[in-house]
Amino acid sequence: MIDQQLAEISNLLIVVTIVLYVLALIGFSADLASTSQRRSDERLAAREEQQQTARAAQPATVGAGGSGTSSLPAEADEAGGGTDATAGGGSSGTMTSQRFAFLLALAATVLHIAGVATRAIATQRVPWANMYEFTTTSSAVVMAVFLIFCIKRTELRVLGTFVVGPVLLAMLLAQTLWIVPAAELTPSLQNSHWIYIHISVAILSTSLSILGAVVASVQLLQARHERALVQKAEAGHAPEEHWGRFGHVLDRLPSSTVLEALSFRIHSVAFVGWTFTLIFGAIWAREAWGRYWGWDPKEVWTFIIWVIYAAYLHARATGGFRGSRAAGLALTGFVAVVFNYTIVNTVINGLHSYSGL
């Protein structure tokens, strides 16, 4: 028996969650923009100060040099004091854009999880029987994992724009294109405990693949940015001018080496999840259809995903295959995940056609 009133409450919670994610995205973006502007101003001020110091040192007699030297530190102290005061004020009692966005993302995630749980209570089953429910549940896991990372390592909060953005896009797609009324399970999914095991592992694997793809994408941008800075520095150009304001944003993010290590750890856990997704799926197929493997489109593409991530981990573990090439292979695996979830679910007919659309 479906509780339609609870189902409506679940939909309302999801809509409010989307609104909060929009506000959190604006906050994270504003934090990146303000920081890049502040750093740009600081660099410009430092450059002007160096030019003034060089001009004052050229025509100098001893007395003039002394007076010029005595006035410049005062200006530098004033400028430096203003910058330190601004930074200190942002890091102490005031509510910064990043902190505000993080709190909004935390509140949105709580409402998100509440919306998923309410859907489960309304339908009296697990909330992942169709594409809409799978998307809302997976995106909630993505945000929960990201927030846990941010609590343990606060420097990762600068990635908020790049994580909340894809999650918000997935939620909008779910709410506009994939939403279906709350209903009971299809007969083929009923009376089996494997829906709890197999699908929950698939949700975790998909969520980690999304998060890993975000980190790998930022890693590619950061690596290209770092190479350009090195080339400009070797050519004698000002390195901070590369990519303008967006380059200043990348300056604030972790280095490509740090991002690559984080991406590798995330994809390592995701690969274990995809392995068990295949194993548990085969066991469930044996129970439901009398065979472990039948070359169903969903089975084939899940195996393709597993092979790509296995190749990524193997290549990453060998010498010489790191950096941008490894990130590109990881993103290839994510493309396969997206294809498996969208095209295979909606276009290609098979035994796993449970999209509900």
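Located above this text is the structure these notes cover.
Residues numbered from 1 in each chain as written. Predicted model: local features only at pLDDT ≥ 70, side-chain atom pairs only at ≥ 80, totals over all residues. Heavy atoms only, no water.

(A) Representation of the overall build of the protein chain in the model. The secondary structure content of the protein chain amounts to 10 helices and zero strands. Helices and strands in the protein chain line up, N terminus first, as α-α-α-α-α-α-α-α-α-α. For the protein chain, the residues scored as buried account for 42% of the 357 residues in total. Put simply, 81% of the contacts in the protein chain that link residues at least 6 apart link residues at least 24 apart. Surface accessibility of the protein chain: about 17500 Å² in total, with carbon and sulfur atoms responsible for 66%. (Helix = DSSP H or I, 4+ residues; strand = E, 2+ residues; numbered from the N terminus. Buried < 20%, exposed > 50% of the residue type's maximum accessible area, 1.4 Å probe, protein only. Contact = heavy atoms within 4.5 Å. Areas by Shrake-Rupley, 256 points an atom, 1.4 Å probe, with all protein chains shown as cover.)

(B) The arrangement of the packing of aromatic side chains in detail. Scanning all chains against the criterion turns up 10 aromatic pairs. Relative to Phe280, the ring of Phe276 has its centre 5.5 Å away and its plane inclined at 35°; by these criteria the two rings are tilted. With a gap of four residues between them, Phe276 and Phe280 both fall in helix α8 (residues 256–289), about one helical turn apart. Classification of Phe276 as partly exposed rests on a relative accessible area of 38%. A residue is classified by how much of its surface remains accessible, and Phe280, at 17% relative accessible area, is buried. Site record: aromatic cluster; members linked through ring pairs are Phe271, Trp293, Trp295, Phe303 and Trp306. One residue, Arg157, lies across the ring of Phe102, its end atom 3.9 Å from the ring centre. Above the plane of the ring of Phe264 lies Arg316, whose end atom (NZ or CZ) is 4.6 Å from the centre. (Phe/Tyr/Trp six-rings, centres within 6.5 Å; stacked < 30°, edge-to-face > 60°. Lys NZ or Arg CZ within 6 Å of the ring centre and 35° of its normal.)

(C) Seen up close, the pattern of salt bridges. Scanning the model with the defined rule gives six salt bridges in all. What you see here is one network of salt bridges that share partners, running through Arg119, Arg125 and Glu133. (Salt bridge = Lys/Arg side-chain N within 4 Å of Asp/Glu carboxyl O.)

(D) Expanded view of helix α5 (residues 160–176). With 17 residues, α5 should cover 24 Å at 1.5 Å per step; its first-to-last C-alpha distance of 24 Å lies within 8% of that length. Considered for burial, the residues of α5 that qualify are Gly160, Thr161, Phe162, Val163, Val164, Gly165, Val167, Leu168, Met171, Ala174 and Gln175. (Expected span 1.5 Å × (residues − 1).)

(E) Molecular detail of unusual backbone geometry. For Gln124, which is not a glycine, the phi torsion comes out positive at approximately 55°. Following the sequence through the fold, Gln124 ends up in the loop between α3 (97–123) and α4 (131–152). One non-glycine residue with positive phi stands out, namely Trp295, at about 55°.

(F) Spatial organisation of the environment of Trp293. For Trp293, the position within the fold is in the loop between α8 and α9 (297–317). Residues Trp293 and Gly281 lie 12 residues apart in sequence; the distance between their C-alpha atoms is 9.0 Å. In this view, Trp293 contacts Leu278, Glu299, Val300 and Phe303; residues no more than four positions away in its chain are not counted.

(G) Spatial organisation of the nonpolar core. Formed by 69 residues in total, the largest nonpolar core has its most connected members in Tyr21, Met143, Phe146, Leu159 and Ile195. Per element, the largest residue contribution to this core is 11 residues, and it comes from helix α6 (residues 194–235). Leave out the neighbours within four places in its chain, and Phe146 touches Leu156, Leu159, Gly160, Val163 and Leu211. (Core = buried A, V, L, I, M, F, W, Y, C linked by side-chain atoms within 4.5 Å.)

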